[in-house]
Amino acid sequence: MDTLLIFDFGSQTSQLIARRLRDQGYFARIVAGDCTCQEAGIDGSIKGIILSGSPFSVYEKDAPKLDQDVFKQGIPILGICYGLQRITQDLGGSVEPRHTREYGRASLQKKNEHLLLKDIRDGFQSWMSHGDSIQKLPHGFEVAWESEHGIPAMAFLDTKTIAGQETAKKFGISAPLMGIQFHPEVSHCESGQSILHNFAEQICSMKREWDVSYYLEEAKQVIAETILARSELQGTGAEVLLLISGGVDSTVLGALLLKTMDPDKLHLLYVDTGMMRNAETDEVKETLKSLGAKHVHIVHAENDFLGQLAGKSDPEEKRQIIGDLFITIQNREIVRLGLGSAYLLAQGTLYTDLIESGKGVGKHAAVIKSHHNVRSPLVESLRNEGRIIEPLAKLYKDEVRALGKALGLSPKIVWRHPFPGPGLAVRILGEVDREKCAILRAADKIFIDELHKRELYHSIWQAFCVLLPVRSVGVAGDMRGYGYVLALRAIVSSDGMTADVYPFEMKDILEISGLITNQIKAIGRVVYDISSKPPATIEWE
Ligand code: XMP
C-alpha cells in the first residue's frame with residue numbers, strides 16, 4: 001500500500017499528522033526520528049517522508065539526528081517545524097533562538113508559488129509553535145511563504161536554480177524537498193488538511209488506499225499466512241490463543257479471527273479478575289458465543305488477584321502484580337488446554353499501545369505506563385519466535401471500531417467505552433479489596449446507566465468512577481458519618497492519546513451525584529475530575 005513515513009522527533013502532534021492523513025485515506029506510518037533508513041523499512045511502498053516537530057532545538061547536544069541517507073532516497077520530504085529546522089541545519093543553513101517567538105495563529109503571505117500550498121489563500125491563518133527560527137536557509141533554498149515577522153514559514157529546495165542544483169548534487173537529493181514552520185495537523189490551522197493532501201497527492205502522487213475494508217482483507221490474508229506457516233512448521237494445524245478482556249479491541253480481534261480461521265482451532269481465554277465491570281463476565285460469554293466461538297474458557301481468578309494485591313498500594317507494583325498474574329494464569333491454562341509449545345498468541349494491541357509503551361518512537365519515547373503485555377518477557381520471547389499475531393497494531397481506536405462494525409458486531413459492543421487491562425485496580429487508588437471493588441462497581445453502574453438514560457453515553461469517549469483512599473465527613477439524617485470520596489471521570493477524545501473533560505450540564509452531574517450518594521451508603525461525597533490529558537492521564541493510576 002502507498003505509505004507516508006513520519007520520522008517522529010518526539011512532538012506531541014506526530015500522532016496527529018498520521019491521523020489527519022489517514023482520515024483522508026492516505027496510509028501513514030510513524031518511525032523513530034533517529035532510526036536509520038534500514039530500520040525505518042524504506043521500500044517501494046514509501047511515497048513520501050515527513051519529518052515531525054520536536055521539543056528539542058536542533059542546536060542542542062542531545063537533539064535527535066536524522067539519518068542523512070534519508071535525503072538520498074529519491075522520495076519527497078516535508079519537514080514540519082523542527083523537521084524544517086533539521087533540514088536547514090543538516091544542509092548547511094542555520095537555526096537560532098529568536099526574540100520574536102511565534103505561538104498560536106499567524107497569518108502568512110505568499111512570496112513564491114509552490115504545489116504544497118496550491119489553492120491556499122494569501123493571508124491564511126497558520127498555527128505556529130516555535131521559539132527557534134531559521135536564520136539562514138541552505139544554499140539553493142527559496143522562501144515560498146513568510147510570516148508577518150518576516151520569518152520563513154515555507155521554504156523549498158529550488159532545483160530550477162544553479163544554487164539549488166549544486167545543493168541537490170552535494171547531498172544526493174533527487175526528489176522534492178520542502179519544509180513548513182507551522183503545524184498543518186493542528187485543527188486551528190486553516191487549510192491544514194488541504195496542505196497535507198497537497199503533499200500526499202500533488203507531490204508524492206499517493207493513492208488513497210487506506211480504509212477499513214482494504215485493511216480487513218489485508219488482515220485476513222496476514223492471519224491466514226501466519227497460521228499456515230506455523231502449521232507447516234509443526235506439521236499440524238496451528239492453534240491460536242486469544243486473551244479476551246471484555247473491551248472493544250480484543251472482542252473485535254476475536255470476531256476477526258473467527259471469520260478468518262477454523263473456530264475449532266481458536267481458544268478464547270477470559271480471566272475474571274474480580275475487578276471487572278458490572279455483569280461483564282456474562283456479557284463476554286454471550287457475545288463470544290454469538291460470534292460462533294467454540295472454545296471459550298472462563299477462568300475465575302478473583303481470589304488469586306485480590307489475594308496478591310492485598311496490602312499493595314503502589315500503582316506500578318499493582319500493575320506489575322496483575323500483569324505477572326495474567327501471565328501465570330495464561331501459562332497454567334496453556335498447559336491445561338494441552339496447547340503445548342507451538343500455539344500462536346493473538347493480541348489486540350493497537351497502534352497507540354505500542355507508542356505509549358515506548359515501542360513506537362524509539363529512544364525519545366517515554367514509557368508512560370506499563371500498558372498491556374506489549375513488553376512482557378513471555379510476549380517478547382514469543383515475538384522473537386514469530387508466534388505473536390497482532391492484526392490491530394496498525395490501527396487507532398476509532399479505526400478498530402469501524403472494523404468491528406464491518407465485521408458485524410453490535411453497536412453496543414463497538415461503542416462500549418474502553419476499559420483498562422488491570423480493571424478496577426487502577427480506579428481504586430491505593431489498596432484494593434473485595435468490598436471496595438463492590439462499592440466501585442455499583443457506583444460505576446449507576447453512572448453509566450444514567451449516561452445511557454440521558455443519551456450522553458455516545459458523546460463521551462470514556463466515563464468511569466474512581467474510588468479515592470480518603471473518607472470525608474458527612475451527615476445523613478442526624479448522624480455524622482465518614483464516607484468514601486468518589487470521583488467521576490468523563491472525557492472526550494479520539495484515541496485516548498489526548499483528552500478533554502466532558503462539559504456536563506450542571507443538572508446532569510448534580511442528579512447523578514445525588515443518585516450515587518443516596519443509593520450507596522459507603523460513598524459520602526462525589527467530585528468531578530476536570531483535568532485534561534495532558535497533563536493528567538485518563539486513568540488515575
Ligand atoms: P491513560 O490513563 O494512559 O489511558 O491516559 C489511556 C487509555 O488507555 C487505557 N489504559 C489501559 N488499557 N491496560 C489497558 O489495556 C492498561 O494498563 C491501561 N492503562 C490505561 C485507559 O483506560 C484509556 O482508555
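1. What about the nonpolar core?
- Judged by nonpolar contacts, the single largest core of 55 residues is most densely connected at M275, L451, L486 and I516.
- With 8 residues, helix α15 (residues 434-453) is the single largest residue contributor to this core.
- Leaving out residues up to four positions away in the same chain, L486 has contacts with L440, A443, C465, V466, L467, I516, I523, R525, V526 and V527.
- The next biggest cluster of nonpolar side chains, apart from the first, holds 39 residues, and it includes Y270, L288, L392 and L395.

2. Brief notes about the side chain of R401
- In this fold, R401 is placed in helix α13 (residues 397-406).
- No salt bridge is formed by the buried R401; the nearest opposite charge belongs to D249, separated by 7.2 Å.

3. Things to note about the side chain of R86
- Note that R86 resides in helix α3 (residues 82-90).
- When near neighbours in sequence (up to four residues on either side) are disregarded, R86 contacts F9, V58, A63, P64, K65 and L66.

4. Observations regarding empty space enclosed by the protein
- Under the defined criterion, the tally for this structure stands at 1 cavity of 30 Å³ or more.
- By volume, the largest cavity is sized at about 40 Å³.
- Its residues assigned to classes, the lining of the largest cavity shows 7 nonpolar, 2 polar and no charged.

5. Concerning the sheet that holds strand β14 (residues 388-389)
- Pairing is parallel across the open sheet formed by 5 strands, whose spatial order is β12-β11-β10-β13-β14. For this open sheet the edge positions go to β12 (295-300) and β14, each flanked by a neighbour on one side alone.
- By the bridge criterion, 2 bridges tie strand β13 (residues 344-346) to β14 in an arrangement that is parallel. When the bridges of β14 are listed, A346 appears paired with I389.

6. Focus: the confidence of the model for the protein
- Across the protein, the average pLDDT comes to 90, with 95% of residues at or above 70.
- Predicted confidence is poor over residues 358-373, with pLDDT under 50, and the contacts of this stretch with residues over four places away or in other chains come to 44 contacts.

The rules behind each value
Residues numbered from 1 in each chain as written. Predicted model: local features only at pLDDT ≥ 70, side-chain atom pairs only at ≥ 80, totals over all residues. Heavy atoms only, no water. Core = buried A, V, L, I, M, F, W, Y, C linked by side-chain atoms within 4.5 Å. Buried < 20%, exposed > 50% of the residue type's maximum accessible area, 1.4 Å probe, protein only. Helix = DSSP H or I, 4+ residues; strand = E, 2+ residues; numbered from the N terminus. Contact = heavy atoms within 4.5 Å. Lys, Arg positive; Asp, Glu negative; His and termini not counted. Salt bridge = Lys/Arg side-chain N within 4 Å of Asp/Glu carboxyl O. 1 Å grid on protein atoms, 1.4 Å probe; cavity = no way out; pocket = protein on both sides within 12 Å on 5 of 7 lines; lining within 4 Å. Points joined across faces, edges and corners; volume = space filled by probe spheres on them. Nonpolar A, V, L, I, M, F, W, Y, C, P; charged D, E, K, R; others polar. Pairing = 2+ DSSP bridges. pLDDT = per-residue confidence, 0-100.

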